[in-house]
Each structure stands twice: as C-alpha cells, then as structure tokens.
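The primary structure of each chain is shown beneath.
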Amino acid sequence: MASILPNKAASALLSASLPVAAASPPLTLPASATHGALTFELLARCSTTRARASLLTLPHGPVQLPVFMPVATQASLKGLTPAQLADTSCRLCLNNTYHLGLKPGQAVLDAVGGAHAFQGWHHNLLTDSGGFQMVSLLHLATITEEGVRFLSPHDGQPMLLTPEHSISLQNSIGSDIAMQLDDVLVTTSPDAARMKEAMERSVRWLDRCLAAHAIPERQNLFCIIQGGLNVDMRRTCTREMLARDTPGIAIGGLSGGEAKADFCRVVATVTELLPPLKPRYVMGIGYPEDLVVSVALGADMFDCVWPTRTARFGNAITRHGMLNLKQQRYATDFGPIEDGCGCECCRPSADNPDPDSSRPAITRAFVHHNVSKETVSAHLLTMHNVWYQLDLMRSLRNAIIEDRFPERVRTFFADLYPAGPAAYPDWAVDALAGVGLHLRE
Ligand SMILES: [Zn+2]
C-alpha cells in the first residue's frame, strides 16, 4: 500500500507497533494518562459492554465522561445565558470556528483574549475546524489539497480555509479542544475513490495542523477518523491517526443520513482499535437512542444541534419520547414538562411561598401559552432539553461506575417503547447484542 504519509520519518513511525487496545496489558482501574493539555482518568468499565466512565480534565476544569456537549454556534447557546448553561451542569460546549472566524473575526478574538472571555464562559470549549460548516453551508465550496475554497457569504470574495488557517483561528479562539481540518464527505457517497482520497487527505491535513499548532501546552488538538462506511478504510485511517498520537480522537463523517446499522458498525470497528486512555468523540450525535448505543460501543463524547434546535420548534425531549407543546391538549396541563426532571423549569420553584406546593416552576400550560408567540418558551424548552441530555449521560455514567449499565439501558428502552421489546428498533437491538447486551432476552 502506498503511504499516505508525507515523509519517511512518519512512515517509520507508522510501521512501528501501534497502540491498539487489544495488544495492551490489562489495566488496573482507575488508570490515568496526561497528554497535551489534558488528563484522562478511566474510572470504570462495564463488565458486559464496552461502556466506560472517566474523568477528563481540561484547561478550564474537569468534565465527567460520557458527556453530551451542547452547541453554542455563535458563541452563545440560543436562549440561554452562560450562567444558565452552567446551571444545567454543562462544563464543555461547542463553538463553531467558521462562524467566529467570520464574525467577530480573528482580530476581535485576539483583542479580547479568546472566546472564553468574549462570551463570559469560564468552563471548557471545543471548536470544530470550520471545514464541515463550509462544505455543508456553502454550495460553492470546493476542496483541493491546499484547503477548502469558498466565496465569502459577506462580500462574495474568494477565500481559502487551509489546515494552517483553521488552527490559527482556533488558537485565537483558545478552545480547550481544537479539531483538525478534515476532508468530509457524506458517508452515503457512492464514490469510493473520492472517499479514499478524502480519508488520506484528512491524514495529511492532520500533519499540517500539528505543525501549525502554536499552543499545544494549553489547547488539545484532536484527530478525526474518516473513511465513510467502509470498515477497512476506517481501520486504515485509525492506524494512521493513532501514529500521530493526538491527545484525543474523534470519529467523523457520520450522522449524514446513513443507516443506523452502518453507523453502529463504523463506531464499533473504530472503538475496538482505540487505546483505553484517550477520550473518544463521535461527532454530530444527539438523539437519545444514538447516545445510549454509542456509549455501549465504547464512545465518550457527543455533540449535536438537534436538542436545542428542536426546543425552538416547541419540542421537549423526555424519557417517554418527544412532546410537542404546541398541541392544544397541553393548554390545561399544569404538570411539569417532564415528571421527575430536575431542571430549573420542572422542579418546584424555590420562590413559591407555599412550602407544600408541588407545582413545578413552569407548567406545560405556560410553555404552550407562549410557544410560537414569545421566545420565553424556546428558552425554557432549551433549558429542559439540555438538562435532559446531560442528565441522561450522568445516569449512564453512574450506572457504569456501579456496574449496572445493562440494567440502565433496559430501563431506557422500556420507558421509550412501552409496547415492549418487539417495538425496539432492530439496529439498536443488534448493535447492543454485538457488545453482549441482549435486549430481547
Ligand atoms: Zn425539565
């Protein structure tokens, strides 16, 4: 096989034995490793599946894994103040490099001292590379070996995002985790040659990102494994990326309309090859079922705009599925958005002078009354949905630590599908069976 690597030194590194989980001696837990600007402590592993509970310490504090990361595209989570976001227990959220690079722009970010200071967020930030936004938002983006060419949405001028420019922007943003620029294709692309080119180019671009990275002692650069739905290509890419020894590892290009069974096969193939003491991030994942199954397959970190976007359409995520609060039947429903939820909306208000009142701070009827009219309903549902996602991950984490993760997964599916196991989606049942958890037995 021709090497993807640009030079002989890197090829020599690749031919050396790679850090593959299967080849490692058994770990005594807890076990930890410090790499770049992070410390990863593996606390517990599920005795049935590949699920893991760990503690990731980043420059702006500790983050409990597995974790869901809300997406604050324009350096703000739509509808929440930084204090409200922190109140949901969020300690790591996303910003988009593409948006911040355009506005406020690199000069403003440099002047204020980075995105944490700019948005008043004192916890951790992860930034994407900007490439995905360009390719998905701009019809005229073209990819060459040099980088991503596009026309500025502001003035139509031709622009070029290179791996070096993406890293320079992320250095100015000062995110705790920066992502490499990668060549992303939708996984369902039928063009195998182009898929291989994109995978190999992503490896070459990682080398350019690593060379350009100015602050590795306070910002962690993660690689992104590509290769579409082809598991051999994913394996090759994983080995190449592991040879570069980044502090954390992402699996990219998924959540692009592929069948869920294909998604699970790719995640399971890659996690099997990863070393135990590094965080594993599956990009673009946010549906509760996808999170639960991906955790079982051994992944630690996830992000998605869906929970906050769907809140703005009047939808609440609950353990029994989605509720659309626009529906007339909620007009006289004085219960909480979700029974038993601990979010600021659903728990009883601390200001209620009646100590015996069990009425929630916010009722479904109130959300219904304002939905589509006032932004307050979008804010309240955003708060609830972010809480739901973080609380789901917290409950999975606690279950892993207490070694009752399979039981927690069973409860999750039983709550979501009251009709019973026959109604569970086959892809989830099959993926979980692949890691020893048999939901229909
Ligand atoms: Zn709630």
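This is a predicted model, so every value here is computed, not measured.

Novice: What's the story with the UniProt feature "active site" (unreviewed entry) in the protein chain in this structure? I'm lost.
Specialist: Under the present numbering, the feature "active site" (unreviewed entry) in UniProt falls on Asp128 and Asp303. For the annotated residues, spread through 176 residues, the largest C-alpha to C-alpha distance comes to 10.7 Å, consistent with a single compact locus. Examined against the element boundaries, Asp128 turns out to sit in the loop between β7 (124-127) and α5 (131-137). Judged by the 30 C-beta atoms lying within 10 Å of it, Asp128 is buried. Not counting the four nearest positions on each side in its chain, Asp128 is found in contact with Leu94, Asn96, Thr97 and Met179. Within the element layout of this structure, Asp303 appears in strand β15 (residues 301-303).

Novice: How do you make sense of the nonpolar core when you look at a structure like this?
Specialist: Side chains of nonpolar character tend, in soluble globular proteins, to be buried together. Judged by nonpolar contacts, the single largest core of 122 residues is most densely connected at Ala250 and Val267. Per element, the largest residue contribution to this core is 13 residues, and it comes from helix α13 (residues 376-401). Taken together, domain 1 (37-304) and domain 2 (311-403) each give at least three residues to this core, which thus spans both. In this structure, Ala250 is in contact with Met179, Phe222, Cys223, Ile224, Ile225, Tyr281 and Met283, ignoring residues within four places of it in sequence.

Novice: I keep staring at helix α3 (residues 97-112) and nothing clicks. Help me out?
Specialist: One turn of an α-helix holds 3.6 residues; hence residues three or four places apart share an orientation. In this model α3 runs just 16 Å from its N-terminal to its C-terminal C-alpha over 16 residues, more than 12% under the 22 Å that 1.5 Å per residue would give. Of all bends in α3, the biggest is about 80°, found at Pro104. Within α3 the residues assigned to the buried category are Thr97, Tyr98, Leu100, Gly101 and Leu109. Gly113, located one to two residues past α3, shows a positive phi value of around 95°.

Novice: How do you make sense of the sheet that holds strand β14 (residues 280-282) when you look at a structure like this?
Specialist: Sheet strands pair by backbone hydrogen bonding; their relative direction is either parallel or antiparallel. On the basis of which strands lie adjacent, the open sheet formed by 8 strands has the order β5-β15-β14-β13-β12-β11-β7-β6 and parallel pairing. Both edges of this open sheet fall to β5 (67-69) and β6 (92-95), since each of them pairs with a single strand only. For this sheet the average axis-to-axis angle between neighbouring strands, irrespective of direction, equals 25°. Against the sheet, helix α8 (residues 231-243) contacts β12 (220-225) and β13 (248-251), and its axis sits at roughly 160° relative to β12.

Novice: Looking at this structure, how should I read the environment of Cys304?
Specialist: Assignment of secondary structure puts Cys304 in the loop between β15 and α11 (306-311). The class of Cys304 is buried, set by 21 C-beta atoms lying within 10 Å. Considering only alpha carbons, one finds Cys304 and Tyr287, 17 residues apart in sequence, at a separation of 8.3 Å. Residues within four places of Cys304 in sequence aside, it is in contact with Val71, Gly284, Ile285 and Gly286.

Novice: Looking at this structure, I do not really get the confidence of the model for the protein chain. What am I missing?
Specialist: In low-pLDDT regions, the fine details of the predicted coordinates are not to be read closely. Put simply, the protein chain has an average pLDDT of 91, and 93% of its residues get 70 or more. Residue range residues 1-22 is modelled with pLDDT below 50. Its contacts to residues more than four positions away, or to other chains, number 24 contacts.

Novice: Please clarify how the packing of helix α10 (residues 288-296) against α13 should be interpreted in this entry.
Specialist: Two quantities define a packed helix pair, namely the angle between the axes and the distance from one axis to the other. Remark: α10 packs on α13, axes separated minimally by 11 Å, with the N-to-C direction vectors making an angle of 25°. When the axis of α10 is compared with that of α13, the two are roughly parallel. Crossing geometry of α10 relative to α13 is assigned as right-handed. Between α10 and α13, the residues in contact are Pro288, Leu291, Val292 and Val295 and Leu392, Met393 and Leu396, respectively. Its residues assigned to classes, the contact of α10 with α13 comprises 7 nonpolar, no polar and no charged.

Novice: What's the story with the packing of α3 against helix α6 (residues 163-173) in this structure? I'm lost.
Specialist: At a minimum axis separation of 9 Å, α3 and α6 run at an interaxial angle of 60°. The orientation of α3 relative to α6 falls into the category oblique. As for how α3 packs across α6, the hand of that crossing is left-handed. Note on element contacts: α6 touches α3 through Ser166, Leu169, Gln170, Ser172 and Ile173, opposite Thr97, Leu100, Gly101, Gln106, Leu109 and Asp110.

Novice: Is there a simple way to explain the domain arrangement of the protein chain in this structure?
Specialist: How large an interface is tends to be reported as the accessible area lost when its parts come together. Along its sequence, the protein chain is organised into domain 1 (37-304) and domain 2 (311-403). Computed from C-alpha atoms alone, the centre-to-centre distance between domain 1 and domain 2 is 29 Å. With 24 residues of domain 1 in contact, the opposing surface of domain 2 contributes 19 residues. Those elements giving two or more residues to the side of domain 1 that touches domain 2 turn out to be β2 (38-45), β3 (52-58), β5, α2 (82-87) and α10. Among the elements that make up the side of domain 1 that touches domain 2, the one with the highest residue count is α10 (4 residues).

Novice: Can you walk me through the pairing of β7 in this structure?
Specialist: Each regular strand displays side chains that alternate between the two surfaces of the sheet. Here β7 shows a buried face lined by Asn124 and Leu126 and a second buried face lined by Leu125 and Thr127. By the bridge criterion, 4 bridges tie β6 to β7 in an arrangement that is parallel. Looking at β7, one finds that Asn95 is bridged to Thr127. Pairing between β7 and strand β11 (residues 177-179): 2 bridges, direction parallel. Counterpart to Thr127 in the pairing with β11 is Ala178.

Novice: Even after reading the chapter, I still don't get helix α9 (residues 260-273), so can you show me in this structure?
Specialist: End to end, α9 covers 21 Å across 14 residues, agreeing with the expected 20 Å (1.5 Å per residue, within 8%). Along α9, the residues that are buried comprise Phe263, Cys264, Arg265, Val266, Val267, Ala268, Val270 and Thr271. On its buried face, α9 is in contact with β12, α8, β13, β14, α10 and α15 (426-434).

Novice: What is the right way to read the pairing of β13 from this model?
Specialist: Residues Gly248 and Ala250 line one face of β13 and the alternating positions Ile249 and Ile251 line the opposite face, and both faces are buried. As judged from the 4 bridges shared by β12 and β13, these two strands associate in the parallel manner. Directly across from Phe222, in β13, lies its bridge partner Gly248. Here 3 bridges tie β13 to β14, and the two strands are oriented parallel to one another. Note that in β14 the partner of Ala250 across the bridge is Tyr281.

Calculation notes
Residues numbered from 1 in each chain as written. Predicted model: local features only at pLDDT ≥ 70, side-chain atom pairs only at ≥ 80, totals over all residues. UniProt positions renumbered as here; feature names shortened; annotations may be inferred. Helix = DSSP H or I, 4+ residues; strand = E, 2+ residues; numbered from the N terminus. Buried ≥ 20, exposed ≤ 12 C-beta atoms within 10 Å, placed from the backbone. Contact = placed C-beta atoms within 7 Å. Core = buried A, V, L, I, M, F, W, Y, C linked by C-beta atoms within 7 Å. Domains from an automatic or database assignment. Expected span 1.5 Å × (residues − 1). Bend = angle between axes of the 7 residues up to and from the residue. Pairing = 2+ DSSP bridges. Axes fitted to C-alpha atoms, helices over the stretch in contact; angles between N-to-C directions. pLDDT = per-residue confidence, 0-100. Parallel < 35°, antiparallel > 145°, perpendicular 65-115°, else oblique. Left-handed = near helix turned anticlockwise from the far one by under 90°. Nonpolar A, V, L, I, M, F, W, Y, C, P; charged D, E, K, R; others polar.

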